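Read off the chains here:
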Amino acid sequence: MSWGTELWDQFDNLEKHTQWGIDVLEKYIKFVKERTEIELSYAKQLRNLSKKYQPKKNSKEEEEYRYTSTRAFVATLNEMNDYAGQHEVISENMTSLITGELSRYVQELKQERKSHFHDGRKAQQHIETCWKQLEASKRRFERDCKEADRAQQYFEKMDADINVTKADVEKARQQAQLRHQMAEDSKAEYSSTLQKFNSEQHDHYYTHIPNIFQKIQEMEERRIVRIGESMKTFAEVDRQVIPIIGKCLDEITKAAESVDHKNDSQLVIEAYKSGFEPPGDVDFEDFTQPMKRTISESSLSNSRGDGRSEPKFGGKSKGKLWPFIKKNKGAGPEDFSNLPPEQRRKKLQQKVDELNRDIQKEMDQRDALTKMKDVYIKNPQMGDAASVDQRLAELGQNIEKLRLEVQKFEGWLAEVEGRLPARTEQPRRQSGLYEAQNPSAVNSCAQDRESSPDGSYTEEQSQETGMKVPATDFDDEFDDEEPLPTIGTCKALYTFEGQNEGTISVAEGEMLYVIEEDKGDGWTRIRRNEDEEGYVPTSYVEVYLDKNAKGAMTYI
């Protein structure tokens, strides 16, 4: 099967067919290109959708995402983001492996096709030129033969005419002989030209054209194979991301299976429990006796007055139910005495923990400066040791002030816990003064509160079960300060085990949010989610600050 032998006379049709093949290839390239654009658009829409429903920073919606069902929803949003990334991979691979390669191949194919058909036209022009030469030689031979016949007839006529002179007869004879000689020469030339044309024609139809058409056939077959391979690649690009997409779907399923209705119910209790006792029985008031009307402290009116502090889940009139809620920041007393007992205890505990973290931070700064001073003393050329004395003194004063603050808030905390219903806990840890004298106690205070064998209550534990719960919507109603906004992100370069108070453990490669830059003490403050934040060594993370950050970033 060869185009050169089977289609020797179909030059024009082959030219049209090969052009159609290139058009098909360009159409397929356009199809794949539009598919990549669709994948990119779909990925972008998925990412925007995921971002749209992520919990907003510093909003009530964010607080709702501590329940297992809403956490599962956040996990689904994150997986959808990864799912979108796989569609971007499809687009990138199709662009590089199909559209890019085929576009270059089309240009090469056009050049090759142009060269082959140029050779074909050149061969056709050559055989046409040979044919024209043959026709010219043939016409010349025919004309010379006719001239020779006419000259011969004229000679014979002159020779028969007795009135013609002998000289005229001789002239006619010589003319006839000349014409016959010219006819013979034309005959020989025609014969030679005919033989040459037949040879050229044989070479044209049995050698040149078959070779050219064979090259065109091979070119066309390569085009067909190439488009078939591209279609196979088209399928393989999709198939390569199927396992990763499957993992995304598996993670969504896993998140859905992690939904715990009992845990969510417990979180509601922790969020809205006031710590008040239910009102007692209403005393009988005998108006028949001439005595002053009195109302028991446990009467319905008082209990109802207290009852106004009972929040309703999802209510929109918290200001009316809780008349002591602050309307403006800073309006509440320092000891949180305007809060219900349970909520007051939580706020005091949070304040104590915050102050302990500040103490630890100041102590870390002091230790770092002390080491720097020692280095300056040993190597004076590196710096003046006396230059850090003033800062060390300031840090010492700050630490002492913070310790006094801790002692004050722990006193209030002990008072509140004494008023709460009986709890299965031992006396609380040592005072801030003791911690000031024993830095190791401060360094491990977070662990003492969370895992103390005496079962002491912490802000991460519920009253009855000791189960950890995050901050609640109800708590936010009494916040004096908004949480620090995120100012960027960071990636953990190494694993860090946060053993000291105020630090946080991170794993290598983990992405977190930055809420406070390094102030020169070698520590950066980060946040993992709404419940976990602390300090890590600056050298352990790679920080990406957002110059336009407004605290609206979502948690990991």
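Parameters and conventions
Residues numbered from 1 in each chain as written. Predicted model: local features only at pLDDT ≥ 70, side-chain atom pairs only at ≥ 80, totals over all residues. Heavy atoms only, no water. Helix = DSSP H or I, 4+ residues; strand = E, 2+ residues; numbered from the N terminus. Expected span 1.5 Å × (residues − 1). Bend = angle between axes of the 7 residues up to and from the residue. Pairing = 2+ DSSP bridges. Axes fitted to C-alpha atoms, helices over the stretch in contact; angles between N-to-C directions. Salt bridge = Lys/Arg side-chain N within 4 Å of Asp/Glu carboxyl O. Buried < 20%, exposed > 50% of the residue type's maximum accessible area, 1.4 Å probe, protein only. Phe/Tyr/Trp six-rings, centres within 6.5 Å; stacked < 30°, edge-to-face > 60°. Lys NZ or Arg CZ within 6 Å of the ring centre and 35° of its normal. Parallel < 35°, antiparallel > 145°, perpendicular 65-115°, else oblique. Left-handed = near helix turned anticlockwise from the far one by under 90°. Nonpolar A, V, L, I, M, F, W, Y, C, P; charged D, E, K, R; others polar.

Draft legend 1. Quick look at helix H4 (residues 68-160). With 93 residues, H4 ought to run about 138 Å at 1.5 Å a step, and its terminal C-alpha atoms sit 135 Å apart, in line with that. Maximal helix bending in H4 amounts to about 35°, located at Thr 95.

Draft legend 2. Inspection of the sheet that holds strand E4 (residues 532-537) at higher detail. If you walk across this open sheet you meet the 5 strands as E4-E3-E2-E1-E5, and the pairing is antiparallel. A strand with exactly one partner marks an edge of an open sheet, and here the two such strands are E4 and strand E5 (541-545). In this sheet, adjacent strand axes meet at a mean angle of 40° when their direction is disregarded.

Draft legend 3. Spatial organisation of the pattern of salt bridges. Enumeration according to the criterion identifies 26 salt bridges in this entry. Residue Lys 408 is joined to Glu 405 by a salt bridge in which the shortest nitrogen-to-oxygen separation is 3.2 Å. In this pair, Lys 408 and Glu 405 both sit in helix H10 (residues 389-419), 3 residues apart, roughly one turn of the helix. In this structure, the salt-bridge partner of Arg 528 is Glu 532, at a minimum N-O distance of 3.1 Å. On the accessibility criterion, Glu 532 (34% relative accessible area) is partly exposed. Sharing partners across several salt bridges, the network here consists of Lys 361, Glu 516, Arg 525, Arg 527 and Glu 533.

Draft legend 4. Fine view of the packing of aromatic side chains. Counted under the stated rule, the structure contains 12 aromatic pairs. An angle of 35° between the planes, with centres 5.6 Å apart, marks the rings of Phe 31 and Phe 234 as tilted. Pair noted here: Phe 31 is in helix H2 (residues 11-52) and Phe 234 is in helix H5 (residues 166-257), with a separation of 203 residues, a long-range link. Their ring planes at 10° and their centres at 5.8 Å tell us that Phe 141 and Tyr 190 sit as a pair that is stacked. Taken as a pair, Phe 141 in helix H4 and Tyr 190 in helix H5 lie far apart in primary sequence, 49 residues in all. Residue Phe 141 is classed as buried on the basis of its relative accessible area, which comes to 18%. These aromatic residues form a ring-pair network of at least three members: Tyr 494, Phe 496, Trp 523 and Tyr 540. Directly above the ring of Tyr 105 sits Arg 226, whose terminal nitrogen or CZ lies 4.6 Å from the centroid.

Draft legend 5. Just the packing of H2 against H5, in detail. Where H2 meets H5, the closest approach of the two axes is 11 Å, and the angle between their N-to-C directions is 15°. On the basis of their axis angle, the class for H2 and H5 is roughly parallel. As H2 packs across H5, the resulting crossing turns out to be left-handed. Across the contact of H2 with H5, the residue classes tally to 15 nonpolar, 4 polar and 4 charged.

Function-wise, these values are silent; they only describe arrangement.
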